[in-house]
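Listed below are the residues making up each chain.
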Amino acid sequence: GNVTVEVTNNGADYTATGVRLEYADKLSVSSVSPREGPQRGSTLVTFVLNNAPPTGVAISCRFGSSDSWNLASVTGTSVGCVAPSAAPGMVNLEIKASDNSEIEGGLVSYTYLPMAVVTAVTPATGFLSGGTVVTVTGAGFRTSPICRFGSKTVDAKQTNLVTATMVLCVAPAVTEPIGVSVEVSVDGGADFSSNHVQFQYEAAPTIVSITPSYGATSGGDVLTVTGTN
């Protein structure tokens, strides 16, 4: 709550300036996410606090001791810090209040990861209905990668890490023939590669007729298959 602060020199008469003091619970961090991101930076790291900072109190953040303090974005109890670029490795991520009050849990570790790189996809085409198992090759793949086809993110259950250079992804369905970029995230979907390797969606072929419709058990007959796509 708020109270008025006044002073006296004689114990009987007090000032009447009406200066207010706001009491607030000590700020503490409830959660931080994500705790890692690519070395190129630009990852938005969100601190969730137990309470919103007091009126007029700004929050700043710093990634590593060599980084400068930068003003964070604050919305209610959420504090957003944008990671600068840095070499792969672990740094201290800190937040502080402009009134120098302590923020409990305001110092955490943050890991810069080498960028995931996509160099090829096999096969490079698949049906509109999805379901094609696509082998994505590249570099920098780690535990629990996530694939994205265009704007569609593949469910984690449909992505399998084989090696640091190979991931298997099941292509999602689309509604029309289209070429999309296949990208990979190694930080839970916060950031994706940006290599723009293409996967082409095509309509599935259909068979209308087979001529002749019979053949010898010994094989060798030439069949004419008529259809679409």
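Residues numbered from 1 in each chain as written. Predicted model: local features only at pLDDT ≥ 70, side-chain atom pairs only at ≥ 80, totals over all residues. Heavy atoms only, no water.

Trainee: Mind showing me how you'd approach the pattern of salt bridges here?
Mentor: Side chains bearing opposite charge may pair, as long as their charged atoms lie close to each other. On inspection of all chains with the given rule, the structure shows 2 salt bridges. Of the charged contacts, one joins E102 and K26 as a salt bridge, the two residues approaching to 3.1 Å between their closest N and O atoms. Pair noted here: E102 is in the loop between β10 (89-97) and β11 (107-113) and K26 is in the loop between β2 (20-22) and β3 (29-33), with a separation of 76 residues, a long-range link. Taking relative accessible area as the criterion, K26 reaches 44% and is therefore assigned partly exposed. R62 is the salt-bridge partner of E94, the closest N and O atoms lying 2.8 Å from each other. Taken together, the residues E94 in strand β10 and R62 in strand β6 (residues 59-63) connect sequence positions 32 residues apart. Just as E94 is buried, R62 falls in that class too. (Salt bridge = Lys/Arg side-chain N within 4 Å of Asp/Glu carboxyl O. Helix = DSSP H or I, 4+ residues; strand = E, 2+ residues; numbered from the N terminus. Buried < 20%, exposed > 50% of the residue type's maximum accessible area, 1.4 Å probe, protein only.)

Trainee: Hey, could you run me through empty space enclosed by the protein in this one?
Mentor: Enumeration according to the criterion identifies 1 cavity of 30 Å³ or more in this entry. Surrounding the largest cavity, G37, P38, M115, A116, V184, S185, V186, D187, D191, F192 and S193 form its lining. Mapped onto the lining of the largest cavity, the elements with two or more residues apiece are β4 (36-38) and β19 (178-185). Residues of the lining of the largest cavity, tallied by class, amount to 6 nonpolar, 3 polar and 2 charged. (1 Å grid on protein atoms, 1.4 Å probe; cavity = no way out; pocket = protein on both sides within 12 Å on 5 of 7 lines; lining within 4 Å. Points joined across faces, edges and corners; volume = space filled by probe spheres on them. Nonpolar A, V, L, I, M, F, W, Y, C, P; charged D, E, K, R; others polar.)

Trainee: How should the side chain of D67 be read in this particular structure?
Mentor: With respect to the element layout, D67 can be found in the loop between β6 and β7 (70-71). Notably, D67 is buried but unbridged: the nearest opposite-charge side chain belongs to R62, and the N-O separation is 6.6 Å. Once residues lying within four places of it in the same chain are set aside, the contact partners of D67 are R62 and P84. (Lys, Arg positive; Asp, Glu negative; His and termini not counted. Contact = heavy atoms within 4.5 Å.)

Trainee: Which parts of the structure should I look at to understand the nonpolar core?
Mentor: Burial of nonpolar side chains together is a common tendency in soluble globular proteins. If you look at the biggest cluster of nonpolar residues, it comprises 22 residues, and the most contacted ones within it are V134, V136, F141, C147, F149, F199 and Y201. Elements with a minimum of two residues in this core: β12 (117-122), β14 (133-139), β15 (146-149), β18 (166-170), β19 and β20 (197-202). Other than its neighbours up to four places away in sequence, V136 contacts V118, A120, V121, F141, T165, M166, V167, C169, V182 and V184. Formed by 21 residues, the second largest nonpolar core is a distinct cluster that contains F63, A72, C81 and A97. (Core = buried A, V, L, I, M, F, W, Y, C linked by side-chain atoms within 4.5 Å.)

Trainee: Just checking my understanding: could you explain the sheet that holds β18 for this structure?
Mentor: Strand order in this open sheet of 4 strands is β12-β14-β18-β17, and the pairing throughout is antiparallel. Looking at strand neighbours, the two that pair on one side only are β12 and β17 (159-163), the edges of this open sheet. Mean inter-strand twist for the sheet, computed between neighbouring axes without regard to direction, equals 25 degrees. Inspection of the sheet shows β17 paired to β18 by 4 bridges, in the antiparallel sense. The partner of N160 across the bridge, within β18, is L168. (Pairing = 2+ DSSP bridges. Axes fitted to C-alpha atoms, helices over the stretch in contact; angles between N-to-C directions.)

Trainee: What exactly am I supposed to notice about the packing of aromatic side chains here?
Mentor: Two aromatic rings are characterised by how far apart their centres lie and by the angle between their planes. For the coordinates displayed, the defined rule picks out 4 aromatic pairs. When the centroid spacing of 5.2 Å and the interplanar angle of 85 degrees are considered together, the rings of Y110 and Y112 count as edge-to-face. Looking at Y110, the relative accessible area reads 0%, which means it is buried. A relative accessible area of 2% means that Y112 is categorised as buried. Ring geometry for F199 and Y201: centres 5.1 Å apart, planes at 85 degrees, overall edge-to-face. Both residues of the pair, F199 and Y201, belong to the buried class. Of the aromatic side chains, those joined through ring pairs into one cluster are F63, Y110 and Y112. The ring centre of W69 lies 4.5 Å from the NZ or CZ of K96, which sits over that ring. Here R148 stacks its cationic end above the ring of F192, 4.2 Å away from the centre of that ring. (Phe/Tyr/Trp six-rings, centres within 6.5 Å; stacked < 30°, edge-to-face > 60°. Lys NZ or Arg CZ within 6 Å of the ring centre and 35° of its normal.)

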